[in-house]
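Examination of the molecular architecture
Each chain, letter by letter, is given below.
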Amino acid sequence: MSGIPDGGALCDVAGLKVGHFTHPTASTGCSVVLCERGITAGADVRGAAPGTRDLDLLRPENTVQQVHAILLTGGSAFGLAAADGVMRWLAERGHGFQVGAVRVPIVPAAVLFDLWLHDASTAPDAAAGRAACEAASADERSRGRVGAGTGATVGKLLGVERSMPGGLGMASVRIGGMTLSAMVAVNAVGDVVDPHGGEVIAGSRGAYGRPRSTIQALLDGERPGGALQGSATTIGVIATDARLTKAQATKLAQIAHDGLARAIHPVHTVMDGDVMFALATGAAEVDGDMTLLGAVAAEVVARAVLDAVSSPTTQCGDAASSTTSSRSALPPAC
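This write-up is about the structure you can find in this document. (Residues numbered from 1 in each chain as written. Predicted model: local features only at pLDDT ≥ 70, side-chain atom pairs only at ≥ 80, totals over all residues. Heavy atoms only, no water.)

Ranked by internal contacts, the top residues of the largest apolar core, which has 39 residues, are Ile238 and Leu252. Elements supplying a minimum of two residues to this core: strand S11 (178–186), strand S13 (200–202), helix H4 (246–263), strand S16 (275–280) and helix H5 (290–310). With residues near it in sequence (within four places) discarded, Ile238 still touches Leu180, Ser181, Ala182, Leu252, Ala256, Met276, Phe277, Ala278, Leu279, Ala297 and Val301. Val18, Ala41, Val67 and Ala239 belong to the second-largest nonpolar core, a separate cluster that totals 32 residues. (Core = buried A, V, L, I, M, F, W, Y, C linked by side-chain atoms within 4.5 Å. Buried < 20%, exposed > 50% of the residue type's maximum accessible area, 1.4 Å probe, protein only. Helix = DSSP H or I, 4+ residues; strand = E, 2+ residues; numbered from the N terminus. Contact = heavy atoms within 4.5 Å.)

So, in structure tokens, the structure goes:
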């Protein structure tokens, strides 16, 4: 499968910066979305095994109205430590809510499980979060096995040894005077499929090492492998330059999960901790048309999912070559 052209990036929404930390020797990393001055955000969790930080404050009825960054990270729950580095980096530069003499940045975070390929000692930490902030720019368009997508794999439901590389993907569209973009780290238990033709693009490998449909294999009598609960997870951000309320941002995050459902089969399983964040910068100085944004949100997210496994760095064989781990659960070359 050849790589697809750059179909847009999260930073096509004005007011955002993206930065990545990719571990130099282990298959893990983290990705930060900076919005230092504070913007409206929402979130929605659909997977049954999430790992998150500060998601409750994003509920529409709660007091905090803005966030200063979003963190997506590998390393399972250990990776949540990277948010400490993001918070301190922001506070040192005067960003965050003023509480007495202290600045308190708001940095919600979500993790994915990539510990098949490394261990807790190499999980992203505060230094990794700081490094991602230092690398952040409004021109960042990297995709594939970078940042939070470095150790991502897909197609694990029939056994992690049959999986293929996942990664980090992005997409954006311009519609109705608004920009809508998405960035997704795809580490699903399920397969990535073309939502229009149904072809399995990356997933559980069958005969000759080629991807095949996990759902069809289950219907044909195969049994799930020994994957552990919380062993996967797809996490991402959808963003717009329109103005939204917290309630509208929360609804946009909910709708964004439909894009995961279009492009990942199965999705939101008991082993996935799927989380989508929504951000609204207001840079376009227009009120968001939720009818229009909601109608295209799933399409943008689905494109980002496909982009994550279509980069030249996520082709067959990369997962095995990109790690120094000796674990037997590594996906071999296709």
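Note on placement: Thr28 falls in the loop between strand S1 (17–22) and strand S2 (29–45). Exposure remark for Thr28: the relative accessible area of 0% places this residue in the buried category. A distance of 3.5 Å separates a polar atom in the side chain of Thr28 from a polar atom in the side chain of His118. Every residue in contact with Thr28, bar those within four places of it in the chain, is listed here: Thr22, His23, Gly74, Gly75, Asp114, His118, Thr122, Pro124, Gly147, Thr150 and Gly151. (Polar contact = N/O pair within 3.5 Å; in protein donor to acceptor, adjacent residues only side chain to side chain.)

With that settled, the discussion passes to the environment of Asp44. With respect to the element layout, Asp44 can be found in strand S2. Residue classification places Asp44 among the buried residues on the basis of a relative accessible area of 12%. Taking the C-alpha atoms as reference points, Asp44 and Leu55, separated by 11 residues in sequence, lie 8.6 Å from one another. Ignoring anything within four residues of it in the chain, the contact list for Asp44 reads Ala253, Gln254, His257, Asp274, Val275 and Met276.

In this section: the pattern of salt bridges. Going through the model one piece at a time under the given rule, you end up with 15 salt bridges. Measuring nitrogen to oxygen at the nearest pair gives 2.5 Å for the salt bridge that ties Asp44 to Arg46. Assessed through its relative accessible area of 36%, Arg46 is described here as partly exposed. Across the pair Arg212 and Glu222 runs a salt bridge, and its minimum N-O distance is 3.0 Å. Residue Arg212 is located in the loop between S13 and helix H3 (214–219), and its partner Glu222 is located in the loop between H3 and strand S14 (235–240); the two are separated by 10 residues in the primary sequence. When salt bridges with common partners are traced through the structure, they connect Glu92, Arg93, Arg130 and Glu134 into a single cluster. (Salt bridge = Lys/Arg side-chain N within 4 Å of Asp/Glu carboxyl O.)

Here the focus is the environment of Ala297. Residue position: Ala297 is located in helix H5. Residue classification places Ala297 among the buried residues on the basis of a relative accessible area of 0%. Taking C-alpha positions, Ala297 is 7.4 Å from Leu180, a pair spaced 117 residues apart along the chain.

Attention now goes to the pairing of S14. On a regular strand, one side chain projects to one face of the sheet and the next to the other, so that they alternate. Most of S14 is tucked away, with six of its six residues classed as buried. Burial along S14 is two-sided: Ile235, Val237 and Ala239 facing one way and Gly236, Ile238 and Thr240 facing the other are all buried. Inspection of the sheet shows S11 paired to S14 by six bridges, in the antiparallel sense. Bridging from a neighbouring strand, Leu180 pairs with Thr240 of S14. Two elements, S14 and S16, share six bridges in a ladder whose sense is parallel. (Pairing = 2+ DSSP bridges.)

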